[in-house]
Amino acid sequence: MAQIPNLDNAPLNITSLREQSQKELINILKNIRGKKCLIIDPKLGGSLSSIIQTSLLKEHGVELRHLSADPIQTDCTKVVYLLRSQLDLMKFICSNVHNDISKGLQREYYVYFIPRRAVACEKVLEEEKVHHLITIGEYPLYIVPLDEDVLSFELDLAYKESQVDGDTTSLWHIAKAIHKLEFSFGVIPNVRAKGKASVRVADILNRMQAEEPVNSSDMVVPEINTLILLDREVDMVTPMCSQLTYEGLLDEFLRINNGSVELDSSIMGVQQEGKKTKVPLNSSDKLFKEIRDLNFEVVVQILRQKATSMKQDYTEMTTTTQTVSELKDFVRKLNSLPEMTRHINLAQHLSTFTSKPTFLGQLDMEHTIVEAQSYDICFEYIEEMIHKQEPLVNVLRLLILFSVTNSGLPKKQFDYLRRELLHSYGFEHMATLNNLEKAGLFKKQESKSNWLTIKRALQLVVDDTDTANPNDIAYVFSGYAPLSIRLIQHAVRSGWRPIEEILKLLPGPHSETKRGRFSSSPSFDTLQGASVNMDRVADGRRSIVLVVFIGGVTFAEISALRFLSAQEGMAYDLIVGTTKIVSGHTLAETFVEKLG
Amino acid sequence: MANVSVAAEWQLLGDRYYRKPELYQPMRWKHIDLSRNKVACAPFGGPIALIRDDSKIVQLYAESALRKLRIFNSAGLLLSDTVWKNPGGRLIGLSWTDDQTLVCIVQDGTVYRYTVHAEPLEPNLSILGREHFDENVVECVFWGNGVVCFTETCKVFSISDFKNPVPVRLADPAPVPTETEELPHCVAVIEPQYTMSGNVEVLLSIGDAVVMVEEDEVQPLQLPPGDGPLQKMVVSGNGRFVASFTHDGRMAVYSTRFEKIFEYQCESALPPEQLAWCGLDSVLLYWDDMLLMVGPSDEPVRYLYDEPIVLIPECDGVRILSNTSMEFLQLVPNSTVSIFKIGSTSPAALLFDALDHFDRRSAKADENLRLIRSSLPEAVEACVDAAGHEFDVSRQRTLLRAASYGQAFCSNFQRDRIQEMCRTLRVLNAVCSPEIGIPLSIQQYKLLTPSVLIGRLINAHQHLLSLRIAEYLGMNQEVVIMHWACSKITASSAISDATLLEILLDKLKLCKGISYAAVAAHADKNGRRRLAAMLVEHEPRSSKQVPLLLSIGEEDTALTKATESGDTDLVYLVLFHIWQKRQPLEFFGTIQARTLARDLFITYARCHKHEFLKDFFLSTGQLQEVAFLLWKESWELGKNPMASKGSPLHGPRIKLIEKAQNLFSETKEHTFESKAAEEHAKLLRMQHELEVTTKQAIFVDSSISDTIRTCIVLGNHRAAVKVRTEFKVSEKRWYWLKIFALATIRDWDALEKFSKEKRPPIGYRPFVEACIEAEEKGEALKYIPKIADPRERAESYARIGMAKEAADAASQAKDGELLGRLKLTFAQNAAASSIFDTLRDRLSFQGVS
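A few points on the structure. (Residues numbered from 1 in each chain as written. Chains lettered and ligands numbered in written order. Predicted model: local features only at pLDDT ≥ 70, side-chain atom pairs only at ≥ 80, totals over all residues. Heavy atoms only, no water.)

What follows deals with the overall build of chain B. For chain B, the count of helices and strands is 33 helices and 30 strands. For 849 residues, the compact-globule estimate of 2.2 N^0.38 gives 29 Å, and the C-alpha radius of gyration of chain B, at 48 Å, exceeds that figure by more than 25%. Considering only C-alpha atoms, chain B reaches an extent of 135 × 75 × 65 Å along its principal axes. Put simply, chain B has 849 residues, and 52% of those count as buried. (Helix = DSSP H or I, 4+ residues; strand = E, 2+ residues; numbered from the N terminus. Rg over C-alpha atoms; globule rule 2.2 N^0.38 Å. Buried < 20%, exposed > 50% of the residue type's maximum accessible area, 1.4 Å probe, protein only.)

Now the structure itself:
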């Protein structure tokens, strides 16, 4: 199965990264001889599946289990835990071990932390008096390539942890991941950061370079020319809007999980009641590569056209005599038939959602909020959603969007909506509200909102958007140009300086630094201009801009970046790095916490 | 010239030549008589330890009665000495380990260890272990890093690795008959690296037999008849052969399983004082003034000595130490033989000869070269190789010159071969000089490896030389500089911190990436905390810096550095350290001021130290956080099966919530939370009552809205109203809840009645929605006409499929866009579509006019 994405066409040699990770994991397993029970934390399953085939694990004598508090069911005497260094996971190990002890089972325990050991986790093991029974190691998996141009650091809780709990562990991990990239591809000479976390990551990255320098003299020209770091905090508007690209919608409605969606077989045209099918979604699928980034409306048209043209070809086939080359052509087209069917099925399934009045209503409301002209209508809409007890996360999405664009709500309305939320969904959601308030996503209004200024200055609302032949990134949200990508568009084109005034209106500081050999050369000031030749890697490939989203990125934003990358006159290939692929839904979900 | 004399020094044993070049003559020491002393010489040209032998009666000259342990290098230069005052009885054996620690074992089994600088290494240990303290050691045999000894009662003990000295008692060789309680005649060991088991095997000659002793078994070995008892045994360097001296004066070589391979009848039946392997080719026997070399031929070689000697086996020969000189007895290497053998016409010999002619400007040089043209490369190679085996510098030079002369005429010789040999020889000659006194043959050097050699030089405090060698060989100098820095600190107690820091930094900066933290750690160990603090400041790697700062008690700096690094793991490290060390209040004070440390503490404590976290919040006055914790606990109580739903045990739960409420009310900013907690407590009470009255455990922990809905669904409207008034539920929400609750139980009459109570504050659309969702179009139709907004009305009609009505309403709204959208909804229905088209046309027409 094509679960593991094909990376051969990547602008950067990320296959080697993946092979390295593969090797490291296999070495860990090899060094523990004999049969063993590998217990992974469930969140990890996805990341691992895009690194290594399960069959390969089995070859190394592995029985696979998911981490839970229940006793381990296995005959193996060796138990290997592979988990993220997360405090709350430790209790499972402890309970497993205690359980074995009480049953008199003697086992060898190995705990491998991803991406590295953590003092705090080991402290828990110590306090629970199991530490001495365990051999501890680490599996330095910092980067998981999800596609040719997407790298994930797999830190799903990064945003919540740093915004709500003040735990900035993830920032160190991000810096480490980027530093690891630098060891392979050279010191990145330009770094632009916007947002508190981003500026901090840039700072930690510089520290790492000072502590453990990448030898830059080995590489003639660094492959990655520029690193752009952007906090999710800077733009919480975009992820809260419903994505309208094909891939984005698939994620909104069917949840893309590590490069595939799971759905009923019947939808995919296989008549097996109740069975689930996994459909891989990555660039290896040529048709998907072609349509993933397009607005869904257009995708439907394209699929229809393709189907009709094929039908036409087919009829021609039966009637007239063909030349051999025409036959060949036809057969080649036939080969793409399975892909065609797959996406027609998916698109059909999607349109059952997109045609619902509630969805259309929601889209309408999102636009109204982003337009920020009719406060009362929006307020009443959200109030009604709460009264109708619509799913909490849906409410939160609009609420966050509403609060962020208004930089909070007046105290009276803030308290009113909070009360209505607690009354409708239960008092345990006090914790959710508290989280949102700490993260500044749903809060009391303290200053006037500058959203209108930002929107106007960056032309975020584009009225006449032609989704079929787009000339602006606004096509991904049918008229709203994602703020995050607009900023990146500027950062790539001319750096922060021209938009400094706007940047000041957005949360967090910004920074722009030069590193490595170029730190002292003033001629390397702008990306384009006199030094274009230097930007090019020798063999004519375009040099690379790595855009890192701290706190997650949506598929729609990635699509918009790909659109930018494909524009004429673009001097760079864009690669996306992210803590995790998110949608408004998954992002809002991380803040939901019940007191109980 | 020299050609003849070179070979003249050789002795022929069988068909192999041996030579015995002098390494040092005379020795640098004065008045040393080896026969008065116990001597331990380390292999690989290592140091020599001497101590007066207390088992012999010797005459004291002008010297103290106290014995001195003296350590010399191989050239006899005194390195260090110390007075021997150790208790424990007679010194039984001493030897050097692989890492050049001197190990001395005394009678009662205590093991004393010394460095090359004669400094004792604590702690002392006993090879006998605690249970056998009353035994007496009578003999011990050392190998690389281990030792085996046996006691008066013939118990065998062993330490297999002095790096991790664990004494082990081996199996007793007792089952073998020992009528007269006779002690073993001799012992030999087969090193662990050569045994099947990986543990040491001890060979003991007891009575007429030989037994092999292992950790848990004793195995008698069959000797060929008439050979026992064996008087002396020694195992060869590769662990495969045993050379021994039989009771009747024969030298026999066996395999380690005692199959005889070779034997030689000596003239004396008296066992030799020393028995040693010379490489793997011959065996040396030493009696009073004669050294006999026996090889696989009938005729042995005899050397006469008029002074005592000590044989020091090496991998490729034997060093012979006497009072006045050190010699190296070795097999003459093949390349040397081919060049210097009398009458040799090998290409190498001719090349060597050619050089001679060349030097004398004789045309014969060319003639020689032409003779060997085809085999020139191998001749060059032989000269290079032979040079490597020489200790004499001028001969090395001549041979290398011959090689380079020959190389000039051959195109395909590896050019760097000569260079490399020169480099090696320079190193060898440097360490061989009497001041350093490490005579190494090239073979030994390769076996030892340059890095070990550097390690040994460092240990002997020859830092400059080792630095030069490391630099010369292109090796990492970090080890050298690091060791130097540490030694410097140890030796410079009189130099002030600032001055010493400067001296150290000056050298440390030579090596990029060196660990300042390690040096600082050493300074701290030497009691120079201030210097340590100054050094650690220069450490660029926070992961090394922070732990050290902790160990020198600079917690606050450590916390700052850890925070700056951004590495939360380091912050945790400091956090736990301070946590353990300080009183809670002081700890709270420290972290309260540091945001990151505080947040990480809270994160950790939230998971695993709930009560302590409460203390923290209380002591820092964050009452609302305590309140949240209490509130959270109340749910935990709720999960407790003892406090199951419907039981009066909700009391404690409610109390906790009320406590939380009080804490919230302490601060003005948390009125909202306080109010919410109050309502929550109230809700729980009401839900509890409801569960009691309805006898259904379905209320507790549902929301207010859900409670109201449940009441209505159960038909208990009074209760619903009560909840509504109690919590001041707004009119709007009340309508939504009631409408949907009634639709759930499909009580359409009640719904209609409800719609007529008064004009609904949320209009009639919710009624329609509820009906449509319950798929009751008929019911929905009752309310659609009442919807005020024509747009909404149109959409409602559309949802239940009434195109005509929808279209009418839409045209009333004069909304073209809406019409378009509705048309899409009815796309399948041609008739309906046309309605929309006509209406829209009319509409746009109106728009124009």
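Time to look at the packing of aromatic side chains. Residue and element names in this part refer to chain B. All told, the structure shown has 47 aromatic pairs over all chains when counted by the stated rule. Ring centres of Tyr572 and Tyr604 lie 6.4 Å apart, and the angle between their planes is 65°; this geometry places the pair in the edge-to-face category. Highlighted residues: Tyr572 in helix α17 (residues 568-581) and Tyr604 in helix α19 (residues 595-608), separated in sequence by 32 residues. Just as Tyr572 is buried, Tyr604 falls in that class too. Relative to Phe588, the ring of Phe587 lies with its centre 6.0 Å away and its plane at 45°, an arrangement referred to as tilted. (Phe/Tyr/Trp six-rings, centres within 6.5 Å; stacked < 30°, edge-to-face > 60°.)

Let us look at the sheet that holds strand β19 (residues 218-221) of chain B. Residues and elements named next belong to chain B. Reading across from one edge, β16-β17-β18-β19 is the order of the four strands in this open sheet, with antiparallel pairing throughout. One side of each edge strand has no neighbouring strand; the edge strands of this open sheet are β16 (186-190) and β19. Recorded for the sheet is a direction-independent mean angle of 25° between the axes of neighbouring strands. Inspection of the sheet shows β16 paired to strand β17 (residues 201-206) by five bridges, in the antiparallel sense. From the neighbouring strand, Cys186 faces β17, where its bridge partner is Ser205. (Pairing = 2+ DSSP bridges. Axes fitted to C-alpha atoms, helices over the stretch in contact; angles between N-to-C directions.)

With that settled, the discussion passes to unusual backbone geometry. Put simply, Ile114(A) and Pro115(A) share a cis peptide bond, and its omega is -5°. With respect to the secondary-structure elements, Pro115(A) resides in the loop between β4 (108-114) and α5 (119-127). Residue Gln25(B) is joined to Pro26(B) through a cis peptide bond whose omega torsion reads 0°. Even without glycine at this site, Thr449(B) takes up a positive phi of about 70°. Relative accessible area serves as the criterion here: at 29%, Thr449(B) is assigned to the partly exposed category. Phi at Glu775(B) takes a positive value of approximately 55°, unusual for a residue other than glycine. With respect to the secondary-structure elements, Glu775(B) resides in the loop between α28 (765-773) and α29 (777-783). Glu775(B) gets classed as exposed once you look at its relative accessible area, which sits at 70%.

Residue and element names in this part refer to chain A. When you line up the elements, Lys160 lands in helix α6 (residues 158-165). A polar side-chain atom of Lys160 sits 3.5 Å from a polar atom in the side chain of Asp165. Those residues in contact with Lys160, other than ones at most four positions away along the chain, are Asp165, Asn435, Thr590, Phe591 and Glu593. (Polar contact = N/O pair within 3.5 Å; in protein donor to acceptor, adjacent residues only side chain to side chain. Contact = heavy atoms within 4.5 Å.)

Our next topic: the packing of helix α18 (residues 411-425) of chain A against helix α19 (residues 430-438) of chain A. Residues and elements named next belong to chain A. Closest axis-to-axis distance for the α18/α19 pair is 10 Å, and the angle between their directions is 145°. Seen from α18, the contacting residues are Phe414, Arg418, Leu421 and Leu422; seen from α19, they are Met430, Leu433 and Glu437. Residue composition of the contact of α18 with α19, by class: five nonpolar, no polar and two charged. (Nonpolar A, V, L, I, M, F, W, Y, C, P; charged D, E, K, R; others polar.)

Together, Glu273(B), Asp288(B), Asp289(B) and Asp306(B) make up a region of like negative charge exposed at the surface. Relative to the helices and strands, Asp306(B) resides in the loop between β27 (301-304) and β28 (309-314). (Patch = residues over 30% accessible without salt bridge, like charges linked within 9 Å, V, L, I, M, F, W, Y side chains within 5 Å. Areas by Shrake-Rupley, 256 points an atom, 1.4 Å probe, with all protein chains shown as cover. Salt bridge = Lys/Arg side-chain N within 4 Å of Asp/Glu carboxyl O. Lys, Arg positive; Asp, Glu negative; His and termini not counted. Charge placed at Lys NZ, Arg CZ, Asp CG, Glu CD.)

Attention now goes to the interface of chain A and chain B. With 44 residues of chain A at the contact, the number on the chain B side is 48 residues. Summing both sides of the interface, chain A and chain B together bury roughly 4300 Å²; the carbon and sulfur share of this comes to 55%. For the chain A face of the interface with chain B, the top three residues by lost area are His423(A), Phe427(A) and Leu595(A), together amounting to 16%. Inspection of the region where chain A meets chain B yields 22 residue pairs in polar contact (both at pLDDT 80 or more). The dominant element in the side of chain A that touches chain B, judged by the number of residues it contributes, is α18(A), at nine residues. Residue composition of the side of chain A that touches chain B, by class: 14 nonpolar, 10 polar and 20 charged. (Buried area = accessible area lost by both parts, 1.4 Å probe.)

Counting residues in each nonpolar core, the largest one holds 327 residues, and the members touching the most others are Tyr81(A), Leu82(A), Leu535(B), Phe601(B) and Trp631(B). In this structure, Leu82(A) is in contact with Leu25(A), Leu38(A), Ile39(A), Ile40(A), Asp41(A), Leu44(A), Leu48(A), Tyr112(A), Ile114(A) and Tyr139(A), ignoring residues within four places of it in sequence. Ranked by size, the runner-up nonpolar core spans 36 residues in total, among them Leu151(A), Leu181(A), Ile544(A) and Ile550(A). (Core = buried A, V, L, I, M, F, W, Y, C linked by side-chain atoms within 4.5 Å.)

Moving on: empty space enclosed by the protein. Residues and elements named next belong to chain B. Summed over the entire model, instances satisfying the criterion amount to 12 cavities of 30 Å³ or more. Considered as a void within the structure, the largest cavity measures approximately 90 Å³ in volume. Lining the largest cavity we find 13 residues, and of these Gly388, Glu390, Phe391, Leu440 and Ser441 sit closest to its centre. A total of four residues in the lining of the largest cavity trace back to one element, the largest contributor, which is helix α7 (residues 416-432). When its residues are assigned to classes, the lining of the largest cavity shows six nonpolar, six polar and one charged. (1 Å grid on protein atoms, 1.4 Å probe; cavity = no way out; pocket = protein on both sides within 12 Å on 5 of 7 lines; lining within 4 Å. Points joined across faces, edges and corners; volume = space filled by probe spheres on them.)

Below, the discussion takes up helix α25 (residues 717-726) of chain B. Residue and element names in this part refer to chain B. Taken together, the buried positions of α25 are Ala719, Ala720 and Val723. Down the axis of α25, the buried side of the element spans an arc of 105°, and every buried residue falls inside it. Opposite the buried face of α25, at more than 90 degrees from it, the exposed residues are Arg718 and Thr725. Taken together, the buried residues of α25 touch α23 (671-694), α24 (704-713) and α26 (731-744). Phi turns positive, to about 50°, at Lys728, one or two residues after α25. (Arc of directions from axis to C-beta.)

Let us look at the pattern of salt bridges. Should the charged atoms of two oppositely charged side chains come close, the side chains can pair. The final tally for this structure, using the stated rule, is 95 salt bridges over all chains. Glu135(B) is paired through a salt bridge with Lys155(B); the nearest N and O atoms lie 2.8 Å apart. Of this pair, Glu135(B) sits in the loop between β11 (120-126) and β12 (137-143) while Lys155(B) sits in the loop between β13 (146-151) and β14 (156-159), and the two are 20 residues apart along the sequence. With respect to burial, Glu135(B) and Lys155(B) carry one shared label: buried. Between Arg582(B) and Glu586(B) there is a salt bridge whose closest N-O contact spans 3.9 Å. You can call Arg582(B) buried: its relative accessible area is 17%. Salt bridges here are not isolated pairs; linked through shared partners, they connect Asp147(A), Asp149(A), Glu247(A), Arg292(A), Asp293(A) and Arg562(A).

What follows is about the environment of Ile159(B). All names here are of chain B. Tracing the backbone shows Ile159 in strand β14. We classify Ile159 as buried; its relative accessible area is 0%. Taking the C-alpha atoms as reference points, Ile159 and Arg169, 10 residues apart in sequence, are found 8.8 Å from one another. If we ignore the near neighbours within four places in the chain, the residues touching Ile159 are Val111, Leu125, Ile127, Trp143, Gly146, Val147, Pro165, Val166 and Pro167.

Residues and elements named next belong to chain B. For Tyr254, the position within the fold is in strand β22 (residues 250-255). Between the alpha carbons of Tyr254 and Ile57 there is a distance of 36 Å; along the sequence they are 197 residues apart. Leave out the neighbours within four places in its chain, and Tyr254 touches Leu223, Pro224, Asp227, Leu230, Arg240, Phe241, Val242, Ser244, Thr246, Glu259, Lys260 and Ile261. Separated by 2.6 Å, the side chains of Tyr254 and Asp227 make a polar contact.

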